[in-house]
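Examination of the molecular architecture
Here is what each chain is made of, one letter per residue.
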Amino acid sequence: MEPDTPEGSPGRTSSSMSGAAGHVVQARDIRGPVHFHAPPPPGRHGEPVPWQLPTDVRGFVNRSAEQGAMGHLLSEHPSAARILVLTGTAGVGKTSLALHWAHSVRGDFPDGQVLERFLRALGVPAAAIPVDLEALASTYRSLVAGRRLLIVLDNASRAAQVRPLLPGAAGCLVVVTSRHRLPGLGVREGARHLTLEVLEEHDAVELLREVTSDYRSGDDPAELVQLARLCARLPLALRIAAERAAGRPRMLLNDLIQDLRDESSLWDALSNEDEEESDAVRSVFAWSYRALPADAARLFRLLGLHPTGEFSTAAAAALLATGDRQARRLLDGLVATHMVEQIAADRFGFHDLLRAYAVDQVRGEQDPQEGERVLRRILAWYLHTADAAQARIAPHEPRVPLAPLAPDVEPAAFGDGTAAMRWFEAERENLAAAVRTAAALGMDAYVWQSAIVLRAFYMVRNPFQDWFETSRLGLEAARRDGDRHAQAELHESLGMACTQSGRLDRAVEQYRAALVLRRELDDRAGEALTLNGLGLLWSRRRLLPDAHDVLVRARALFQALQDTYWEPRTAVNLAEVEAALGRLAEAEAMVRAGLETFRQRTDRWAEGNALRILSVIQLEGGRPEEALESAQRGVDLALDLDSAVAEGHWLTQLGHAQRAVGRPADALVSFHRAAVLQRGLGDRSREALAWDGTGCAYLELGRVHEAGEFHRRAVAVHRDLDDRWHLATSLGHLADALERTEEPEAVRRHRREALTLLDVFTDPGAARLRGRLTAALGTDG
């Protein structure tokens, strides 16, 4: 089915077009704009520039020798790709040094700095991130080609993790932090290694003074040395200890030291390890943890149950079964003592060592049954909040009946679809992790319920990795649970995911599986929805008789059910197929009836889609000015809706109408904007259609070389997707472009291949294209 896309759908970004294809798009697997709340200035070639470095480390002390060594690497072979591996024990300050130094040299990397989540920052949103590792690495390397980037890969555990992320581009620098030496990177990739030792004693004391100077004075230097030694001169432990000392300005430093000595003795008694640094970190963690007020200590402990190491105030409140104000007060206290970090507005996170410590505390101090209740409570909160968001984003999608939340826990509320979509974006990783956690615990009902609810978000953002994973986990859980309605919903969800990611053969399998279940359950409304989705899939493949058949059946079912929401939408989908079959008058009557209905009920998304189809009909009927007006009104509605799904699809039709009235330069802008949006949505097929339109516009402008480039890109994608119809049309357009470059053999080869591909199509449009190609081949001789 076409996504039910209300206000709050994917947003717009601004674009412009100039030059050849290489200035507009990357290699064929690269898709998507960068989305920033406040965009940074463009790069040297106009591309978005990511500035991801967090704020520089406060009170950074010394490390002069290490920074000098890092600077020496930067000055060596400046035109080559360089790799630096910072190694050292946990808490020694690897990440702090990497970030502090990165800030000092950021001017040498005009194309930006990125952290681990680099693909989205560099222009690949969740929709376009490939699922398999090889494609992921290829996407990344294509994206960084020709750019000077500083890339920080934090906390790597093995060389195999790092290798796919190493750019081949000259001028890039990769800084890797790891507790392991990763010798393989030196052997194969020529990486330089720098091992961080604990701070020198005077530097450790200086760090303590730096943090406490505004709060304490007159501390005995000898006692500061003792405190530094108890912290094993590790920056992480030193900062936590210093924050505790700063928070108790009237307490004698010697008393604080004695507390820490007592904690160290406890660790010595409990630990069999002979690792001074490890013991010191644990001692400082325990020292700070035991000094927390009971309610703050409980929150710290319970945060170890959260599905990931990043969370919001509302999630913390759900863990505690308290209000947001109380949770925020406790989080502020944890931030002040460095037990958690505030990483963005209303976003908090753990250092991985502190998260592991929190997990240890919840295991050691929390009653197991209470721990399970808390875990189920936070998972339920995520599910109920996602359900509330779905009600705003896609109210007509199937809803899942949920067991009520505990009386002391409230899901988040959303004023509109925009706020709901923002929450989904912020919590995407937590929502997927919650499904994985529930699956591991055998919470089958939770898993399939979440997977169905999340579809409302996934179908308009296309984060395919999460969509496929959660839907498959949900389908397996629904089978174990014996819930066949849920199975049907999740087969349909997988069908949508496969369709929108270009896996059309797999999409057919999923839709057919859903259809079998719908009929066995006598779920006529569900059957109609599945038939509608299957009809749209057949239409994409230009299997027009099949599309016509299933859409007619879907419409009849909706009519029998008196479903006044879906029947006119399905009728408009059917009208598009009727138009492609050459029945323009019938198609136009159906579309105009739909338009009247959509306007009466203010269904702007459906109205805009109907205007797009009306434009197609008008263009086919030789009425280009009317087609232009309809297409423009549709795009205007998409802009009002703030919907990238609608805008990206409808802009392509606007481009065709602009070409038809002799405005190829305007068409170029429309096609380019459509391609950018489709990259962001991960719809490779529709992106290639926009590329093909771009090539046609360039040809009309007399820019033959650019036309050929874009047509080749479209051909490559259609071939990769095994899309015979669009491959045939793009080959025909490529032949037209090459005809002007005196490449007669290539022209004949492309036209012959296009004719072969058209053998399976019998509709009027295919007949016209076949006739044009045959005539051109006759002229070619």
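The coordinates are above.
Criteria and thresholds
- Residues numbered from 1 in each chain as written.
- Predicted model: local features only at pLDDT ≥ 70, side-chain atom pairs only at ≥ 80, totals over all residues.
- Heavy atoms only, no water.
- Phe/Tyr/Trp six-rings, centres within 6.5 Å; stacked < 30°, edge-to-face > 60°.
- Buried < 20%, exposed > 50% of the residue type's maximum accessible area, 1.4 Å probe, protein only.
- Lys NZ or Arg CZ within 6 Å of the ring centre and 35° of its normal.
- Pairing = 2+ DSSP bridges.
- Helix = DSSP H or I, 4+ residues; strand = E, 2+ residues; numbered from the N terminus.
- Contact = heavy atoms within 4.5 Å.
- Expected span 1.5 Å × (residues − 1).
- Arc of directions from axis to C-beta.

Next up on the list: the packing of aromatic side chains. Counted under the stated rule, the structure contains 21 aromatic pairs. Centre to centre, the rings of Phe457 and Tyr458 are 5.7 Å apart; their planes meet at 50°, and the pair counts as tilted. Given a relative accessible area of 1%, Phe457 falls into the buried group. Three or more aromatic residues joined by ring pairs form one cluster here, namely Trp381, Tyr382, Phe414, Trp423, Phe424, Phe457, Tyr458, Phe464, Trp467 and Phe468. We note Arg542 situated over the ring of Trp725; from NZ or CZ to the ring centre the distance is 4.0 Å. Geometry around Trp566 places Arg569 over its ring, the cationic atom sitting 5.7 Å from the centre.

The next subject is the sheet that holds strand E6 (residues 310-311). Pairing within the open sheet is antiparallel, and its 3 strands lie in the order E6-E8-E7. Strands at the two margins of the open sheet, each flanked by one partner only, are E6 and strand E7 (341-344). Across 2 bridges, the pairing between E6 and strand E8 (residues 347-349) is antiparallel. When the sheet's bridge partners are listed, Glu310 is paired in E8 with Gly349.

Turning our eyes to something else, we now look at the environment of Arg772. Mapped onto the elements of the fold, Arg772 is located in helix H34 (residues 764-780). Residue Arg772 is classed as partly exposed on the basis of its relative accessible area, which comes to 37%. Along the primary structure Arg772 and Arg751 are separated by 21 residues, whereas in three dimensions their C-alpha atoms are 9.8 Å apart. For Arg772, the residues in contact, after removing those within four places along its chain, are Gly732, His733 and Asp736.

Each α-helix winds once per 3.6 residues, and so residues spaced three or four apart point in a common direction. Between the first and last C-alpha of helix H14 (residues 324-336) there are 18 Å, a value that for 13 residues agrees with the 18 Å anticipated at 1.5 Å per step. Looking only at H14, the buried set comprises Ala327, Leu330, Leu331 and Leu334. Each buried residue of H14 sits inside an arc of 105° when the element is viewed along its axis, so together they form one side. Along its buried surface, H14 packs onto helix H12 (294-303), E6, helix H13 (313-320) and E8. Note on H14: the residue one or two positions beyond its end, His338, has a positive phi of about 65°.

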